[in-house]
Amino acid sequence: MPKMTLPRPLNLIGGAWVPPRSGHEMDVVSPLDGAAFASIADSDAADIDAAVAAARAALAGDWGRLSATDRGRLLMRYAAAILDHADELAAIETRDNGKPLAQARADMVLTARYFEYYGGAADKVHGEVIPFQRGTTVQMTREPHGVTGHIVPWNYPAQIYGRSVGAALAMGNACVLKPAEDACLSILRLAEIANEILPPGALNVVTGRGDVAGKALSEHRGVDFLSFTGSPEVGQMIQIAAARNFIGCTLELGGKSPQIVFDDADLEAAVPVLANAIIQNGGQTCSAGSRVLIQRGIWDDLTARLAERFRAVEASPADGSLLGPLISAKQKRRVETYIAEAGVPVLAQGRVAGNAPAGGFYVAPVLLGPVDPNSRIAQEEVFGPVLCAIPFDTEAEAIEIANGTEYGLVASVWTRDGGRQARVANAMRCGQVFINGYGAGGGVELPFGGIRKSGHGREKGFEALHEFSTIRTIVNHHG
Ligand code: NAD
């Protein structure tokens with residue numbers, strides 16, 4: 001394991017590391033073994049107040065005065081610094097979140113990529129000149145919202161921090177971020193690195209509980225826009241809080257994403273992708289491919305191939321493991337309850353490694369099927385390594401099942417038939433569709449987000465720059 005410096009229980013406010021006003025701290029537990037190994041600030045509304053004030057001051061100060069080009073340069077410098085610290089950051093992430101070291105390292109490379117991408121984009125967000133009445137010139141510009149509030153989850157702490165804060169900073173906003181209490185140490189270390197590069201107050205990080213610090217941030221009258229990733233239940237609260245303050249928000253709330261496999265599909269290519277889409281990060285991925293819809297003619301063949309994969313997976317703390325522990329005892333219980341109550345045949349199950357510490361939150365991956373598409377296990381987000389296999393006969397039936405949940409985040413279609421590729425992809429009611437592939441995570445350049453219970457608004461790509469800005473139109477009557 002590379003050398004790491006664990007962050008202390010402090011918040012980053014206005015460029016300084018300060019203890020929470022209450023003096024309270026919370027233990028940080030490692031999912032690898034269930035042991036407490038660090039502590040973070042248990043902050044409250046007073047700390048959020050201070051952070052929002054610091055962000056406001058940054059907008060009026062050095063940060064607000066930077067040109068778009070200079071903002072971009074700072075973000076690109078930050079990207080390079082993240083890569084320089086990637087091994088150390090990955091080690092912190094593995095200890096804090098439990099994900100295998102190789103996955104954590106990949107997360108850090110992607111986190112850097114967000115700042116590189118948005119750094120490069122900062123001075124390429126052009127306005128428009130709109131043809132209007134004779135004797136006028138109309139210019140439309142994209143302006144930062146001001147202070148943006150970011151509430152991020154524990155599943156990909158560093159990556160989601162990068163995608164959210166990267167786009168907001170590129171547009172010139174000043175950020176206040178509340179990471180998840182279950183995993184936030186990588187973000188604190190990333191903020192330490194940022195603090196050596198960005199002007200004070202451009203980025204403020206306050207840790208604490210969701211229903212205290214998170215709630216205070218979402219309701220704060222000094223916040224001009226909110227970006228939230230997490231559960232639909234909390235997402236709804238965020239939207240209500242945003243409405244009360246007449247501000248906008250983006251919500252990224254997870255999914256029940258289908259992969260549809262037709263009987264002419266290239267199964268050699270599909271099988272590893274189908275398995276990885278649910279096993280990666282222990283299935284704790286908003287865009288996990290948690291349902292596989294299989295045309296009846298290849299049911300036996302494909303389920304047998306998937307079963308072989310699942311049986312070979314071992315949940316383990318090893319650096320190169322495909323599957324680490326889940327995030328918490330609560331999440332482990334939740335996933336095990338879903339499996340126990342599914343009432344569906346287990347087609348295959350992996351195992352927990354013999355050397356996995358007993359206190360860790362390990363769950364063996366499970367392939368279930370045939371699953372009724374309307375059953376609870378096929379409708380609700382489990383957020384664990386549980387794949388539901390669902391048989392279908394016709395293209396129309398596959399489309400209906402794929403669209404038949406309250407979610408709509410990602411989908412994929414596996415077929416060699418070009419007409420069917422286009423028809424099915426166009427029929428998907430969700431934010432992203434893959435043809436003969438799947439992209440759970442990754443794709444910094446690709447707009448990402450959902451519809452309905454998966455949330456609204458788009459992160460990633462240039463679209464995120466639009467979300468983190470507002471339009472001003474100036475009409476000049478010059479005669
Ligand atoms: P959560 O929604 O409670 O937590 C996400 C973030 O919201 C955390 O930073 C948390 O501190 C904050 N939060 C919690 N309550 C809040 C409140 N009242 N006001 C403001 N912020 C608040 O998610 P969870 O309980 O950690 O996980 C529960 C389920 O949510 C998971 O099993 C999974 O299904 C889903 N989830 C989805 C994603 C995703 O990427 N879409 C991420 C995490 C969890």
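Residues numbered from 1 in each chain as written. Predicted model: local features only at pLDDT ≥ 70, side-chain atom pairs only at ≥ 80, totals over all residues. Heavy atoms only, no water.

Visitor: Could you clarify how one ought to interpret the site of the ligand in this entry?
Guide: The full set close to the ligand counts 29 residues, and Val 152, Trp 154, Lys 178, Glu 181 and Ser 231 are the nearest of them. Residue Lys 215 places a main-chain N or O atom 3.5 Å away from a nitrogen atom belonging to the ligand. Within the backbone of Gly 230, an N or O atom sits 3.4 Å from a nitrogen atom of the ligand. For the shell around the ligand, the secondary-structure elements that each account for two or more residues are α8 (210-219), β10 (225-229), α9 (232-244) and α12 (329-341). The element best represented in the shell around the ligand is α8, accounting for four residues. When the residues that make up the shell around the ligand are grouped by side-chain class, the tally is 13 nonpolar, eight polar and eight charged. Split by domain, the shell around the ligand shows at least three residues from each of two domains, domain 1 (11-252 + 455-473) and domain 2 (258-442). (Near = heavy atom within 4 Å. Polar contact = N/O pair within 3.5 Å; in protein donor to acceptor, adjacent residues only side chain to side chain. Helix = DSSP H or I, 4+ residues; strand = E, 2+ residues; numbered from the N terminus. Nonpolar A, V, L, I, M, F, W, Y, C, P; charged D, E, K, R; others polar. Domains from an automatic or database assignment.)

Visitor: What should I look at first to understand the environment of Gly 149 in this one?
Guide: In this structure, Gly 149 sits in strand β7 (residues 147-151). Along the primary structure Gly 149 and Cys 175 are separated by 26 residues, whereas in three dimensions their C-alpha atoms are 6.0 Å apart. The residues contacting Gly 149, other than those within four sequence positions of it, are Val 176, Leu 217, Val 223, Phe 225, Leu 226 and Ser 227. (Contact = heavy atoms within 4.5 Å.)

Visitor: Whenever I open this one, the sheet that holds strand β15 (residues 346-349) confuses me. Can you help?
Guide: In any sheet, the strands associate via hydrogen bonds between backbone groups, in a parallel or an antiparallel arrangement. With respect to topology, seven strands assemble into an open sheet ordered β15-β17-β18-β13-β12-β19-β20, the strand pairing being mixed. Edge strands, defined here as strands with exactly one partner in the open sheet, are β15 and β20 (432-435). Ignoring strand direction, the axes of neighbouring strands in this sheet form an average angle of 20 degrees. Relative to strand β17 (residues 366-368), β15 runs antiparallel, the two sharing three bridges. Note that in β17 the partner of Ala 348 across the bridge is Leu 367. Packed onto the sheet, helix α10 (residues 267-279) meets β12 (258-261), β13 (291-295), β18 (386-392) and β19 (410-414) and runs at close to 165 degrees relative to β12. The sheet contacts of helix α11 (residues 299-312) involve β12, β13, β15, β17 and β18, and relative to β15 the element is tilted by about 30 degrees. (Pairing = 2+ DSSP bridges. Axes fitted to C-alpha atoms, helices over the stretch in contact; angles between N-to-C directions.)

Visitor: Please clarify how the pairing of strand β6 (residues 136-144) should be interpreted in this entry.
Guide: Along a regular strand, successive side chains alternate from one face of the sheet to the other. Pairing geometry for strand β5 (residues 128-130) and β6, over three bridges, is antiparallel. Looking across to β6, one finds that Ile 130 is bridged to Val 138. The antiparallel hairpin formed by β5 and β6 contains five residues in its connecting segment, where Gly 135 sits at a positive phi of about 85 degrees. Bridge count for β6 against strand β22 (residues 469-477) is nine bridges, and the pairing is antiparallel. Within β22, the position partnered with Val 138 by the bridge is Val 475.

Visitor: What's the story with helix α3 (residues 68-84) in this structure? I'm lost.
Guide: Every α-helix winds through 3.6 residues per turn, so residues three or four apart in the chain are directed the same way. Helix length check: α3 (17 residues) gives 25 Å between terminal C-alpha atoms against 24 Å at 1.5 Å per residue, within 8%. Considered for burial, the residues of α3 that qualify are Arg 71, Gly 72, Leu 74, Leu 75, Tyr 78, Ala 79, Ala 81 and Ile 82. (Expected span 1.5 Å × (residues − 1). Buried < 20%, exposed > 50% of the residue type's maximum accessible area, 1.4 Å probe, protein only.)

Visitor: Please clarify how the environment of Lys 256 should be interpreted in this entry.
Guide: Assignment of secondary structure puts Lys 256 in the loop between β11 (248-252) and β12. Residue class for Lys 256 comes out buried when judged on its relative accessible area of 3%. The spacing of Lys 256 and Glu 381 is 125 residues in sequence and 5.7 Å in space, taken between C-alpha atoms. A polar contact of 2.9 Å, which involves the side chain of Lys 256, links it to the backbone oxygen of Ile 377. In this structure the side chain of Lys 256 is engaged in a polar contact, spanning 2.8 Å, whose partner is the backbone oxygen of Glu 380.

Visitor: I'm lost on the sheet that holds β6 in this one. Help?
Guide: A sheet is described by the order of its strands in space; here three strands give the open sequence β5-β6-β22, paired in antiparallel fashion. Bordering the open sheet on either side are β5 and β22, each of which pairs with just one other strand. Taking each pair of neighbouring strands and ignoring which way they run, the sheet shows an average axis angle of 25 degrees.

Visitor: Please explain the side chain of Gln 421 as it appears in this structure.
Guide: As for its placement among the helices and strands, Gln 421 is situated in helix α15 (residues 418-427). Judged by relative accessible area, Gln 421 falls into the buried class, the value being 19%. If we skip the residues at most four places from it in the chain, Gln 421 touches Val 413, Thr 415, Arg 416, Ile 435 and Asn 436.

Visitor: How should the packing of aromatic side chains be read in this particular structure?
Guide: Any aromatic ring pair is given by two values, namely how distant the centres are and how the planes are angled relative to each other. Here the structure, examined in full by the defined rule, presents eight aromatic pairs. Relative to Phe 383, the ring of Trp 154 has its centre 5.5 Å away and its plane inclined at 85 degrees; by these criteria the two rings are edge-to-face. With a gap of 229 residues between them, Trp 154 in the loop between β7 and α6 (157-170) and Phe 383 in the loop between α13 (376-379) and β18 connect regions that are remote in the sequence. With 5.6 Å between their ring centres and 70 degrees between their planes, Phe 225 and Phe 468 make a pair best called edge-to-face. With Phe 225 in strand β10 and Phe 468 in the loop between α16 (463-467) and β22, the pair connects residues that are 243 residues apart, well separated along the chain. Since its relative accessible area comes to 4%, Phe 225 is described here as buried. What links up through ring pairs into an aromatic cluster is the set Tyr 78, Phe 115 and Tyr 161. We note Lys 460 situated over the ring of Phe 448; from NZ or CZ to the ring centre the distance is 4.6 Å. (Phe/Tyr/Trp six-rings, centres within 6.5 Å; stacked < 30°, edge-to-face > 60°. Lys NZ or Arg CZ within 6 Å of the ring centre and 35° of its normal.)

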